[in-house]
Amino acid sequence: MNTPNESTVLSSVHSLTSLLKAVQKDWGLHSHKGENPHDSKETLTDSSNAIHSLGPVNLAKLSADFSNNINLLRSILKSCRDVIIPEASNYDQPEGVMRKLINLLKEEAQISSTLLDLQESISECKGLLLDACTDSIQDPKLVNKQIMRIAKEFGNETFFEKHENPEFSTLTIIGKVIVLDIDFNKRSYAINKARISYHYEIHQVDDLLTNLLQSKNIKLFRKNFEVLNRLDEFCKNHSPIDFFQCLKCITSDIYSIYERESSFENDISRIMVQGHGIPISNVELMGPSIAYWAPRYLMLETNWDMIKGILGQGIGYESLTKFYRLWITMEDSHSINEFLALDSPQYLLHDDQTEELNLSYDIITDDTSTVLPDPLKFKNPKKGTTPSAPVHFVARLEPPVYVTDSTARIIGNYASIRSRGNILSGLYEKRDTDTMSLEQLLIKDVIPNPTLSVLLTALSPGVRWETQFDQQYIQSYCLENLFLTNAKKIDRVPFTHISHLYAIMKVLRQQLTFNTLFQSIFNSSSYRSSSDYQHTAETMFEENIINIKVVTEEPPKQISVSFEIPDTKQSLTLQILILSQDAQPYVIFQGESSEFDRKMTLVLQTCQNIPMLVRWVLNAFIGTGIGNEIGEDIATGIEPSVELAAPLEDNLMDIEIVDAFSVE
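Nothing here was measured: the structure is a model prediction, and the numbers come from that model.

A.B. asks: How should I be thinking about the overall build of the chain in this particular structure?
C.D. replies: If you tally the helices and strands in the chain, you get 20 helices and 17 strands. Classification of the 664 residues of the chain by burial places 49% in the buried group. Partitioning the contacts of the chain with sequence separation of at least 6, the portion at a separation of at least 24 is 66%.

Dropping the structure here:
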């Protein structure tokens, strides 16, 4: 029999199986035995769109782990061929000896397989029970058991030791270069403090882990511990690079960039959606994060003065976690990448530092910001002159973003992914039958229990999506695309230098603006079930119905809406352009720029809602009530005031326009 630590063919195959199961779970492909994965809503809507180099799985790490397991299997089989078989041939009856050996190996494999399956089942059951007990917040002692289980999962040793205070005990988790001590009360098992021992103090991470454990947020604690453990392994395997220091440099840079932008722009909400974003450090997630975009209604609900004051103190603000964020950490890479020397605290260069660069660094700039007058300058380590390792930075998207294939390619180019082999390029071109289009992904949560065919039908020509405000007209929308748009779900973006981040954020903002405008038309308020389709078809030619054709041309760059003005039957086509530079929508009426275009653009940028824009245009053209005033505004060039009610509801359709754009 083999010892527990000795590798066998069976243990290697089991390790491969566990690896593939973990990947399936990350991709949303995990299903119970006997369950058809196509019946799963998650699999139907997300998983096929997530299997690519910008998805939740690090393909570089997966490839390396898979290769290591295969190589181990080969070495075991080679050993059997070169050692065991020749030894058996030395006996008097080699065939009989080989037959007995094979039978023994079969019996051993059956026993070992049963034990491994039993061990895995017991571990899963234990984990499910602990999760259930922790969620119900019953016994604090279970939190300690969860911590020990997580530590063991990532290969760390744990033990208990005495505390200087006799009322407390300490659970110690040993890493490669760091030690995590968790103090808890002996009687109540309540968590008192979590602290990391390293060659310099990381107080903010200590406070983050302490708060997560005290609030029994085990899921988020595990997410942070995984990153902590990965950085710990990197520091051990790729010495002398200090990967905690690498993230500290990024943190210092994003705060310095924010300070520079806020010196030019007093409106920090504009810094978030058009500049380099708002820095967040060690709030929910350890390390640096950037809030880079939010829908208009959420921005109007936010107390920006309070956030500005808190950021001035150099600390994070929890309400920023409601916004779209980039969480920056590190992961394995196919390629060797250079990092700053230990004596360099930042990538960002100040004006007086340009002359101080030595032969180890070049100067690179990022894209020109709409907030700063000049591009930022950064130090870029030269190959072979600074520490290097097969590791790169990665920005995890919180939450993930649905993008077009073309947008994914642009982001991949900024992240230098396509140069790492053919892993990405083939996946970009291949389209699985279960892969959802961008339009389908954006409405998947609107329709109860959706299927591919139902989503496709809901977006087909002739199916109406209705919106009605406090007036007599019903806006009836229909998507008239000839083709739907291939799409990806992006969970993470690898990058090698901080200068890449601004370009990546600009592309994501353009896509998010498009997604928001599309969903302002096709949403839960405007959706009609199949039983309503016939009623809609029967009434679509009634006088109070305004039929509006929607075409998404080159998403995420353009949307056009076409409709007729009641009574006059005048046809209008509004082209909505979304520029990558500022990710703002601009409205063009019949291809000619005018003062009317500027006012429509103001309306749309204020509310990010196409039905509201159509409502404003109808009021302007119909000339009844408020429309007369709007018509006079257009004729005289007076600016209509736009105000939105606050607080706003989560659904954009709940936004109300105060005084209906009354004249000031």
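A.B. asks: Please explain the sheet that holds strand β14 (residues 545–551) as it appears in this structure.
C.D. replies: Strand pairing in a sheet takes place through backbone hydrogen bonds and is either antiparallel or parallel in direction. Taken in spatial order, the 6 strands line up as β11-β12-β14-β15-β16-β17 in an open sheet, and their pairing is mixed. Single-partner strands in this sheet number two, and they are β11 (465–468) and β17 (585–589). For this sheet the average axis-to-axis angle between neighbouring strands, irrespective of direction, equals 25°. Of the strand pairs in this sheet, strand β15 (residues 558–564) and strand β16 (residues 571–578) are connected by 7 bridges, and their pairing is antiparallel.

A.B. asks: Quick question: what am I supposed to make of the pattern of salt bridges here?
C.D. replies: A side chain of one charge can pair with a side chain of the opposite charge when the charged atoms of the two come close. By the definition in use, this model includes 14 salt bridges. Between arginine 230 and glutamate 226 there is a salt bridge whose closest N-O contact spans 3.7 Å. Of this pair, arginine 230 and glutamate 226 are both found in helix α7 (residues 218–237), 4 residues apart, which corresponds to roughly one turn of the helix. Between arginine 396 and glutamate 331 there is a salt bridge, and its shortest N-O distance comes to 3.9 Å. With arginine 396 in strand β10 (residues 388–404) and glutamate 331 in strand β7 (residues 324–338), this pair connects stretches of sequence that are 65 residues apart. By relative accessible area, which is 2% here, glutamate 331 ends up buried.

A.B. asks: I keep staring at helix α8 (residues 243–262) and nothing clicks. Help me out?
C.D. replies: The end-to-end C-alpha distance of α8 is 29 Å, a good match for the 28 Å that 20 residues give at a rise of 1.5 Å each. Most of α8 sits out of view: 15 of its 20 residues are buried. Its side-chain oxygen 3.1 Å from the backbone nitrogen of phenylalanine 244, aspartate 242 forms the N-cap of α8.

A.B. asks: It is not clear to me how the nonpolar core should be interpreted in this structure. Could you clarify?
C.D. replies: Side chains of a nonpolar character, in soluble globular proteins, are inclined to be buried together. Within the largest apolar cluster, 99 residues are counted, with the highest numbers of intra-cluster contacts made by Phe243, Met330, Phe339 and Phe393. With 10 residues, the single largest contributor to this core is α8. In this structure phenylalanine 339 touches Ile241, Phe243, Cys246, Met330, Tyr347, Pro381, Thr386, Pro387, Ala389, Val391 and Phe393, once residues within four positions along its chain are discounted.

A.B. asks: Sorry, what's going on with the pairing of strand β2 (residues 168–174) here?
C.D. replies: The side chains of a regular strand alternate between both faces of the sheet. Among the 7 residues of β2, 6 are classified as buried, and the element is accordingly described as predominantly covered. Bridge count between strand β1 (residues 157–162) and β2: 6 bridges; the pairing is antiparallel. Bridge pairing in β2 links glutamate 161 to threonine 170. What sits between β1 and β2 in their antiparallel hairpin is a turn of 5 residues. As paired elements, β2 and strand β3 (residues 179–185) share 7 bridges and run antiparallel to each other. Along β3, the bridge assignment pairs threonine 172 with aspartate 181. Hairpin connection from β2 to β3: 4 residues lie between these consecutive antiparallel strands.

A.B. asks: Is there a simple way to explain the packing of helix α5 (residues 141–153) against α7 in this structure?
C.D. replies: Helices that pack against each other are described as a pair by the angle of their axes relative to one another and the distance between those axes. Where α5 contacts α7, the axes come no closer than 11 Å and their chain directions differ by 30°. Taken together, the axis directions place α5 and α7 in an arrangement best described as roughly parallel. Seen from above, α5 lies across α7 with right-handed handedness. Residues Val143, Gln146, Ile147, Ile150, Ala151 and Glu153 of α5 lie in contact with α7, whose contacting residues are Ile218, Phe221, Arg222 and Phe225. Per-class residue counts for the contact of α5 with α7 are 7 nonpolar, 1 polar and 2 charged.

A.B. asks: I tried to follow the sheet that holds β2 on my own but got confused; where do I start?
C.D. replies: The strand order across the open sheet built from 4 strands is β1-β2-β3-β4, with neighbouring strands paired in antiparallel fashion. Of all the strands in the sheet, the pair left with one neighbour each is β1 and β4 (191–197). Pairs of neighbouring strands in the sheet enclose a mean axial angle of 20°, with direction left out of account. The strands that helix α6 (residues 203–214) touches are β3 and β4; relative to β4, the one it contacts most, it runs at about 145°.

Reading the values: the criteria
- Residues numbered from 1 in each chain as written.
- Predicted model: local features only at pLDDT ≥ 70, side-chain atom pairs only at ≥ 80, totals over all residues.
- Heavy atoms only, no water.
- Helix = DSSP H or I, 4+ residues; strand = E, 2+ residues; numbered from the N terminus.
- Buried < 20%, exposed > 50% of the residue type's maximum accessible area, 1.4 Å probe, protein only.
- Contact = heavy atoms within 4.5 Å.
- Pairing = 2+ DSSP bridges.
- Axes fitted to C-alpha atoms, helices over the stretch in contact; angles between N-to-C directions.
- Salt bridge = Lys/Arg side-chain N within 4 Å of Asp/Glu carboxyl O.
- Expected span 1.5 Å × (residues − 1).
- Polar contact = N/O pair within 3.5 Å; in protein donor to acceptor, adjacent residues only side chain to side chain.
- Core = buried A, V, L, I, M, F, W, Y, C linked by side-chain atoms within 4.5 Å.
- Parallel < 35°, antiparallel > 145°, perpendicular 65-115°, else oblique.
- Left-handed = near helix turned anticlockwise from the far one by under 90°.
- Nonpolar A, V, L, I, M, F, W, Y, C, P; charged D, E, K, R; others polar.

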